[in-house]
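Close look at the chain arrangement
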Amino acid sequence: MMYFFVASEAFFFLALIIAYVYYSHPGGKLSDTARFLDVKKTAIFTLFLLSSSVTINVADNRLKKGNHKGMVGWMVATIILGLVFLIGQSLEYAHLFEIDITINKNVFGSAFFTLTGFHGLHVLIGLIVLSIIAYLIYKDKFNKLGTSALESASIYWHFVDAVWIVVFSVVYIGSII
Amino acid sequence: MKDFFNAIRHFFEQQFTSSSEGAYDINHLFLQYLILAAVIFAIVAFMVIAGALKYHSKKRQEVPKQVSGHKTLEITWTVLPLIAVTVFFFLTLKVMKKINRPFKKDQKPDIEIIAHQFWWDMRYPKYGIITANELHIPAGEKLLMRIQSADVIHSWWVPDLGRKTDAVPGHINHSWIDADKPGVYKGTCSEYCGAEHAWMRIKVVAQTREDFDKWVEHQKQIPPAPTDSVAREGAKMFQSMTCANCHAIAGTPANAHIGPDLTHVGSRTTILSGMLTNNLENMKRWLTNPQKVKEGAHMPNFMLTKDQVNALSTYLEELK
Amino acid sequence: MNLRIHIPEATEPLPSIRTGNGLLQWISSVDHKQIGIMYLWTAMIFFVIGFVEAMMMRIQLARPENSFLSPEAYNQIFSMHGTTMIFLVLTPIAIGFATYFIPLMIGANEMAFPRLNAFSFWIFLLGGIILYFSYFAGGAPNVGWFSYAPLSEKYYNFTPGVDYWALSILLMGIGTIGAALNFIVTTLTMRAKGMAINQLPLFVWMIFVNAFLILSAFPVLNAGLVMILLDRQLDAHFFTTSTGGSAILWQHVFWVFGHPEVYILALPAFGIVSEVIPVFSRKPIFGYEFIAASSVAIVLLSFGVWAHHMFAVGLGTTFGAFFAATSMLIAVPTGVKIFNWAATMWGGSVHYKTAMLFALALLIDFTIGGLEGVGFAIVPVDWRLTDTYFVVAHIHYVFIGAALTGGFAGAYYWFPKITGRMLSEKLGKWHFWIFFIGFNCTFFVFHFLGMLGMPRRVFTYPDLPYLGSLNMFSTISAGVFGISFVLFFINIFWSLRHGKKAGDNPWQAFTMEWLTTSPPQLKSYEKVPLVKSRRPVWDLDHPEDPDWKRNQKPKTADHDQE
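Of the regular secondary structure elements, chain B holds nine helices and twelve strands. For 320 residues, the compact-globule estimate of 2.2 N^0.38 gives 20 Å, and the C-alpha radius of gyration of chain B, at 27 Å, exceeds that figure by more than 25%. Sorting the 320 residues of chain B into buried and exposed places 53% on the buried side. Contacts in chain B between residues at least 24 apart in sequence constitute 63% of all its contacts with a sequence separation of at least 6. Surface summary for chain B: the accessible area is close to 15,000 Å², and the carbon and sulfur share equals 61%. Counting 37 positive and 31 negative side-chain charges, chain B places the averaged centre of each group 8 Å from the other.

Put into structure tokens, the structure is as follows:
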């Protein structure tokens, strides 16, 4: 079921990505505003997000083997890595706001902040969900449905990562080509 | 009864005779399509009505033979419509190419249309004249129009003279217009554009070449200063009150194009984009309270006194 | 009767909270049958409102240059009418019947996610309430149900109507997506033993493929709604043409949703008539595979046709040609179904029950509507007819002629199962004929109005020949049309109390929902038969000629009966 849900969300992001591609190239050329994006820093924070996909896989494995403590540990790692990513995004936003690049600066700003903003929102919601699930499993509140809950959440989390890989490529790498 | 049938005949004749090459191709294709549609509908109606009547339960055994399909039949009635649409696709392509006649990239358009909320700005770059809402063209010639919008999306459409073309802000469209014979052709804005979308009508007056040239000459002239006192008052008021901030009258300092150009407004047959006949009384009605006449138009109510209204109206009506 | 004992329930107890009877129980219910009923009631209530809006429009348009409604009032009303009928009437009719009947038709006792089911309904209803709150909050949306930019931007529209519109559709969309997820997972995982995917009742199949359409189309709409809200609230520049935004992008985004949306509304109705016509012809559907396959074709193709709403925008001949081709192509799978449905009657034994009459009316009216669609695919014809009353004719012939008519067929077919009582056939026939005649009289003249050049979305029109008389005729017919709905409601309310008791299978129908009691118990099924064919109840009722036995026979020539 989560597969269907993420497929649905994929269409949402696809629409935003297409809008971004269109608006980041006004008149066919890359927008000047794009040059202010900090590709290197964001790449590092991207690594944090991608590693969180690895850690959540480990957590899932631990749970399947019945190692609740291990699962919780790796979940905490996942959540921390995700948080670091979000902090990085916020720093990028802060830096852009400082130089007066906001959602209403121009079409680039509108498209950029909408696309990355909704991605960030999905990460945030994911972190909340992961925290709740980790807590509930730790406290043994789930019966055997706990494994499928974590599995579903993992699929969502991997999706959020995959979207970011596309967004990073299109937005950040696209800004330096 | 005879009247009714005559009306129907007249209606259908009217639908499929065309006053322009642009419309002719469209109407011809439309007729071909209607014939196909009628045939298909007849087949379906027959299958449904005859089937229901013929196999009505009271004439049939309660448990009929349980047939669940017939591959050949089904393939046939899939392939036949496929062939029909393929034929129409090629017809479509042919007519599209014919109507969207190519033009050179920098070709200067004969007519420039700028759509506004709720009126049409019309310019003739080749003659340097500007008018509004009532377009004059020479009959028998194909003219290139450049269509754009100053605010929201509108759409230029004169049914007798060809296709619809949207007026999109930020996007320029070109379209050809032609009329076979002199005459008056009515059209309308065809994309919902706000409160008074219904009253953004178009009037196209096709004239013989001579008459058109005369009209152009007349439009080029600067209207003479008014002679009678009431109109002179009106002229003064026009310049001193806020009218000049939006409207242009050639030969005076007023040259803003936020509202329609009023240089020869008196010679137009209608005002307010076809809403009212152009005469003194209607002009007075409008100026007294624009929002009451055309609610949502962008001309505010200036709370003019009766005398002011009278003076301005007289002046404007004299701008022939 | 050989019933194998298969108990299709979850091993955990159902999470339905019964807090006694009455209103509170309905509000907290996660029972798919109750939720289905709530969807249907929502549809009926909003229909009355939407119809009142329509009548106000018709009164205003009855005479040229009428002054019954101001331009602003008319523009708000036509926008609300469209949004209401599409999102708050036709959508809940489809989702309501699906929610109620999918589990029953596949032999399940619940949907896969009962709480998601309830959530979907309530957030959908919240969206509807927010939409109507706009009337009290400074003005309803007045930019049509499609809200073209930049007219919908703050600069041209500073009352909050558009914001309410966008927000409400976002909420309703979330509900619809939730319902779609539920339909897919339920159909995939909770079928009775033996029911292969190609043995699904066609209504279930249509809803199933429709759900994929919902999952892919609504998110694109959501993206567009987000963009317009950001434009209006945070001064973003997505569609503000003066600052680099693109008005055309809105059209693309909206219609990538909008076109699949109309199939989202039509496919459930197709599913309903695919159930009704065979039952009342006493034979299986003619060409199950073609009908099922054609619906998949429609789902796939519907993402490739959207720009036929934009032929007049001026995007070039190649662009137009491509979308003309796909739009003409999509007519083929749609048309195939009509022939299959009609052919089902041939060789059968046709019963003129009201449900069947509505199903047949769909065949006739949807053919008209669908043929018009093909007309619009012919680009030069579109250049003449788009944005005229010809389009208004088309949309009403497909929305009313297919979706609503199918809904009525479903209502008469399934009312006995839902309530345990029969709807009055006498009243039903009156309802049907006044509906059919009223509908066609009201809307057929729109074709002529369009051909005469009357544009759409206008609060009035000049006194040109025929326009006044045709409009007046339509308005009067609309009044007659309205009477048919009164009859329907009377039928419902009367039959709820005094209708003949229905029994389990009053129509001698073929699919599994007719095995349950009427109405079904909270736990619909204790036991379900092993499914061996597409018509499990036919097989049980006709042990001498069950489908599975007949389908095993070597292929003989299947001809139509004499």
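Let's pick the thread back up.
Turning our attention to the sheet that holds strand 5 (residues 143-149) of chain B. Residue and element names in this part refer to chain B. Strand order across the open sheet formed by five strands is 3-2-1-5-8, with mixed pairing between neighbours. Every other strand in the sheet has two partners, leaving strand 3 (129-132) and strand 8 (173-177) as the edge strands with one partner each. Pairs of neighbouring strands in the sheet enclose a mean axial angle of 25°, with direction left out of account. Two strands pair when backbone bridges link them, and strand 5 and strand 8 are joined in this way by five bridges, in the antiparallel orientation. Residue pairing in the sheet places Leu144 in a bridge with Trp176 of strand 8. The sheet strands contacting helix 4 (residues 209-220) are strand 2 (119-124) and strand 3, and the helix crosses strand 3 at an angle near 100°.

Right, let's get into the interface of chain A and chain C. It is common to report an interface's size as the accessible area lost on association of the parts. At the interface, 22 residues of chain A touch 30 residues of chain C. Between chain A and chain C the total buried area reaches about 2,100 Å² when both faces are included, carbon and sulfur atoms providing 78% of it. In this structure, the connection of chain A to chain C is made through zero salt bridges. Put simply, chain A and chain C have six residue pairs in polar contact (both at pLDDT 80 or more) between them.

Turning our eyes to something else, we now look at the nonpolar core. If you look at soluble globular proteins, the nonpolar side chains tend to sit buried side by side. Counting 354 residues, the largest nonpolar core has Phe112(A), Leu135(B), Trp156(B), Trp341(C) and Tyr413(C) as the members making the most contacts within it. If you tally residues by element for this core, the top one is helix 6 (residues 202-234) of chain C, at 23 residues. Not counting chain neighbours up to four residues away, the residues in contact with Leu135(B) comprise Ile111(B), Ile113(B), Met122(B), Tyr124(B), Trp156(B), Ile177(B), Lys203(B), Val204(B) and Val205(B).

What follows is about the interface of chain C and chain B. On the chain B side, the residues contacting the 102 residues of chain C number 88 residues. Each partner contributes to the roughly 8,200 Å² buried at the junction of chain C and chain B, and carbon and sulfur atoms together form 68% of this total. Applying the counting criterion to the chain C and chain B interface returns three salt bridges. Of the charged contacts in the structure, one is a salt bridge between Arg457(C) and Glu191(B), with a shortest N-O distance of 3.5 Å. At the junction of chain C with chain B, the criterion picks out 24 residue pairs in polar contact (both at pLDDT 80 or more). Counting only elements with at least two residues in the side of chain C that touches chain B, the list comes to helix 3 (71-106), helix 7 (247-279), helix 8 (288-301), helix 9 (317-345), helix 10 (354-377), helix 11 (379-385) and helix 13 (425-451) of chain C. Top element by residues in the side of chain C that touches chain B is helix 9 of chain C. It accounts for 15 residues. Of the residues assigned to the side of chain C that touches chain B, the class counts are 58 nonpolar, 27 polar and 17 charged.

All names here are of chain B. Read across the sheet, five strands follow the order 4-10-9-6-7 without closing on themselves; strand pairing throughout is mixed. Every other strand in the sheet has two partners, leaving strand 4 (134-138) and strand 7 (165-167) as the edge strands with one partner each. Adjacent strand axes in the sheet meet at a mean angle of 25° when their direction is disregarded. Sheet topology note: the strand 9 (residues 183-189)/strand 10 (residues 201-207) ladder contains six bridges and is antiparallel. Paired with Lys186 across the two strands is Lys203, which belongs to strand 10. Where helix 4 meets the sheet, its contacts fall on strand 4 and strand 10, and the angle it forms with strand 4 comes to roughly 135°.

Before going further, it helps to examine empty space enclosed by the protein. Over the atoms rolls a probe the size of a water molecule, and its path tells where empty space is left. All names here are of chain B. Counted according to the given criterion, the structure contains six cavities of 30 Å³ or more. Put simply, the largest cavity is a space of about 130 Å³. Elements with a contribution of two residues or more to the lining of the largest cavity: helix 2 (21-54), helix 3 (71-99) and strand 8. Partitioned by chemical class, the residues of the lining of the largest cavity number four nonpolar, two polar and seven charged.

Let us now look at the confidence of the model for chain B. Averaged over every residue, the pLDDT of chain B is 91; the share at 70 or more is 100%. Predicted complex, confidence summary: ipTM 0.93, pTM 0.92.

What follows is about a nonpolar patch on the surface. The grouping of Leu121(A), Leu124(A), Ile125(A), Ile128(A), Val129(A) and Ile132(A) at the surface amounts to a nonpolar patch, some 490 Å² of accessible area in total. As for its placement among the helices and strands, Val129(A) is situated in helix 4 (residues 107-138).

Here we take up the arrangement of the chains. Here the protein chains form two pairs of chains in contact, of which the pair with the most contacts is chains B and C. Between chain A and chain B there is no contact, and the shortest C-alpha to C-alpha distance separating them is 12 Å.

To continue, consider the pattern of salt bridges. Residue and element names in this part refer to chain C. In total, this model carries 26 salt bridges over all chains according to the counting rule given. A salt bridge links Lys154 to Asp163; the nearest nitrogen and oxygen atoms lie 4.0 Å apart. Sharing partners across several salt bridges, the network here consists of Arg535, Asp545, Asp547 and Arg550.

Our next topic: the state of the cysteines. Residue and element names in this part refer to chain B. Tallied over the entire structure, the rule returns zero disulfides over all chains. Cysteine Cys243 shares no disulfide, and the gap to the nearest cysteine sulfur, in Cys246, comes to 8.9 Å. When its relative accessible area of 18% is taken as the criterion, Cys243 is described as buried. Judged by relative accessible area, Cys246 falls into the partly exposed class, the value being 30%.

Thresholds applied
- Residues numbered from 1 in each chain as written.
- Chains lettered and ligands numbered in written order.
- Predicted model: local features only at pLDDT ≥ 70, side-chain atom pairs only at ≥ 80, totals over all residues.
- Heavy atoms only, no water.
- Helix = DSSP H or I, 4+ residues; strand = E, 2+ residues; numbered from the N terminus.
- Rg over C-alpha atoms; globule rule 2.2 N^0.38 Å.
- Buried < 20%, exposed > 50% of the residue type's maximum accessible area, 1.4 Å probe, protein only.
- Contact = heavy atoms within 4.5 Å.
- Areas by Shrake-Rupley, 256 points an atom, 1.4 Å probe, with all protein chains shown as cover.
- Lys, Arg positive; Asp, Glu negative; His and termini not counted.
- Charge placed at Lys NZ, Arg CZ, Asp CG, Glu CD.
- Pairing = 2+ DSSP bridges.
- Axes fitted to C-alpha atoms, helices over the stretch in contact; angles between N-to-C directions.
- Buried area = accessible area lost by both parts, 1.4 Å probe.
- Salt bridge = Lys/Arg side-chain N within 4 Å of Asp/Glu carboxyl O.
- Polar contact = N/O pair within 3.5 Å; in protein donor to acceptor, adjacent residues only side chain to side chain.
- Core = buried A, V, L, I, M, F, W, Y, C linked by side-chain atoms within 4.5 Å.
- Nonpolar A, V, L, I, M, F, W, Y, C, P; charged D, E, K, R; others polar.
- 1 Å grid on protein atoms, 1.4 Å probe; cavity = no way out; pocket = protein on both sides within 12 Å on 5 of 7 lines; lining within 4 Å.
- Points joined across faces, edges and corners; volume = space filled by probe spheres on them.
- pLDDT = per-residue confidence, 0-100.
- Patch = residues over 30% accessible without salt bridge, like charges linked within 9 Å, V, L, I, M, F, W, Y side chains within 5 Å.
- Disulfide = S-S within 2.5 Å.

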